[in-house]
Amino acid sequence: MAIYAISDLHGHYSTYLKLLDKIKFSDDDYMYVVGDIIDRGRFGVKIIQDIMQRKNVELILGNHELMMIDAIQYMNENKKKGKKSTSEMGEAYTPVDLWFHPANGGKVTYNAYAKLEESEQQAILNYLKSLKLIKRLTVGDITYHISHSYSVGYKFGEELYYKDALADAESVVWDSLLDDRPPVDMLESEWFAYYTDTFIVGHVFTQRLGCMDEKGRGKICKIQRRGGINVIDIDCGMALNNKSSRIGCYELESGKEIYVTYK
């Protein structure tokens, strides 16, 4: 049995399938997908549907999935009020505007979602709302804290579901552990003294951190922050949609890195 982590697929379904084939992913293995499987690429909904039917693949909520939840719920609530456009909704900038913004690329995901039967739409929305923001597990002698990008102090040592996070969900998926500051509601002295987990995150593509191979392709980046805190960034730039883009797959027990290039 092998335990893997991947992140930030951004709608690239065929590359995701190539990775599963490359690692010979089987029913005996387990995989954590650390958020942002949708948007920018065209097939994010297909990836959601694929993961939903796999018992051994667990999606951790990312900022793009949170934008989808907020936008869909916003549209559904206003639909009940008979409002169909953002201008009718009476707000200058709505969750729909945020999701559809070209920098976030949610319109392509919504177009695929809107073509589904209403029952399937609801199943996907319910699934996303059921996800964890923080997963914590021990493999060998390492305890991993897996989240899309950040943490919250009052949940150190615990897992956190989206439904229990309230306003903190935005911080967990948008802020970054790669910033040199303690998580929300933790003093810096508490942060460095208390937590010894190894963090696995996505959200910031590793090319931005200067972590690339000899061909300029994204490479899994291991960073030790002040206080000896270890962060492993596995977002290898699929959002960039170019020749540097790869899925970086990290095997938790051995530390082995496996890559599948976008093109």
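Residues numbered from 1 in each chain as written. Predicted model: local features only at pLDDT ≥ 70, side-chain atom pairs only at ≥ 80, totals over all residues. Heavy atoms only, no water.

1. Observations concerning the overall build of the chain
Phase 1: Along the backbone of the chain there are 10 helices and 11 strands.
Phase 2: Across the 263 residues that make up the chain, the buried fraction comes to 54%.
Phase 3: A fraction of 73% describes how many contacts in the chain between residues 6 or more apart in sequence connect residues 24 or more apart.
Phase 4: Accessible surface, the chain as shown: approximately 12,200 Å² in total, 48% of it carbon and sulfur. (Helix = DSSP H or I, 4+ residues; strand = E, 2+ residues; numbered from the N terminus. Buried < 20%, exposed > 50% of the residue type's maximum accessible area, 1.4 Å probe, protein only. Contact = heavy atoms within 4.5 Å. Areas by Shrake-Rupley, 256 points an atom, 1.4 Å probe, with all protein chains shown as cover.)

2. What to know about the layout of surface pockets
Phase 1: Its volume calculated, the second largest pocket comes out at about 180 Å³.
Phase 2: Along the wall of the second largest pocket there are 14 residues; nearest its centre are R40, H64, H203, F205 and R208.
Phase 3: Its residues assigned to classes, the lining of the second largest pocket comprises 4 nonpolar, 5 polar and 5 charged. (1 Å grid on protein atoms, 1.4 Å probe; cavity = no way out; pocket = protein on both sides within 12 Å on 5 of 7 lines; lining within 4 Å. Points joined across faces, edges and corners; volume = space filled by probe spheres on them. Nonpolar A, V, L, I, M, F, W, Y, C, P; charged D, E, K, R; others polar.)

3. Focus: unusual backbone geometry
Phase 1: Positioned with a positive phi, D8 is a non-glycine residue whose angle comes to about 50°.
Phase 2: Along the chain, the position of D8 falls in the loop between β1 (3-6) and α1 (13-22).

4. Here's the deal with the sheet that holds strand β10 (residues 246-251)
Phase 1: Here 5 strands make up an open sheet; going across it, the order is β3-β2-β1-β10-β11 and the pairing mixed. In this open sheet, the two edge strands, each paired with only one partner strand, are β3 (57-59) and β11 (257-261). Adjacent strand axes in the sheet meet at a mean angle of 20°, parallel and antiparallel pairs treated alike.
Phase 2: With 3 bridges joining them, strand β2 (residues 30-33) and β3 adopt parallel strand pairing. Within the sheet, the bridge partner assigned to V33 lies in β3 and is L59.
Phase 3: Seen against the sheet, α1 touches β1, β2, β10 and β11 and runs at an angle of roughly 140° to β11. (Pairing = 2+ DSSP bridges. Axes fitted to C-alpha atoms, helices over the stretch in contact; angles between N-to-C directions.)

5. Observations regarding the sheet that holds strand β8 (residues 221-224)
Adjacent strands of a sheet pair through backbone hydrogen bonds, lying either parallel or antiparallel.
Phase 1: The strand order across the open sheet built from 6 strands is β6-β4-β5-β7-β9-β8, with neighbouring strands paired in mixed fashion. Edge positions in the sheet fall to β6 (160-161) and β8, since each of these pairs with one other strand and no more.
Phase 2: One ladder, built from 3 bridges, connects strand β5 (residues 142-147) with strand β7 (residues 198-201); its direction is parallel. Residue pairing across strands places I146 opposite I200, the latter belonging to β7.

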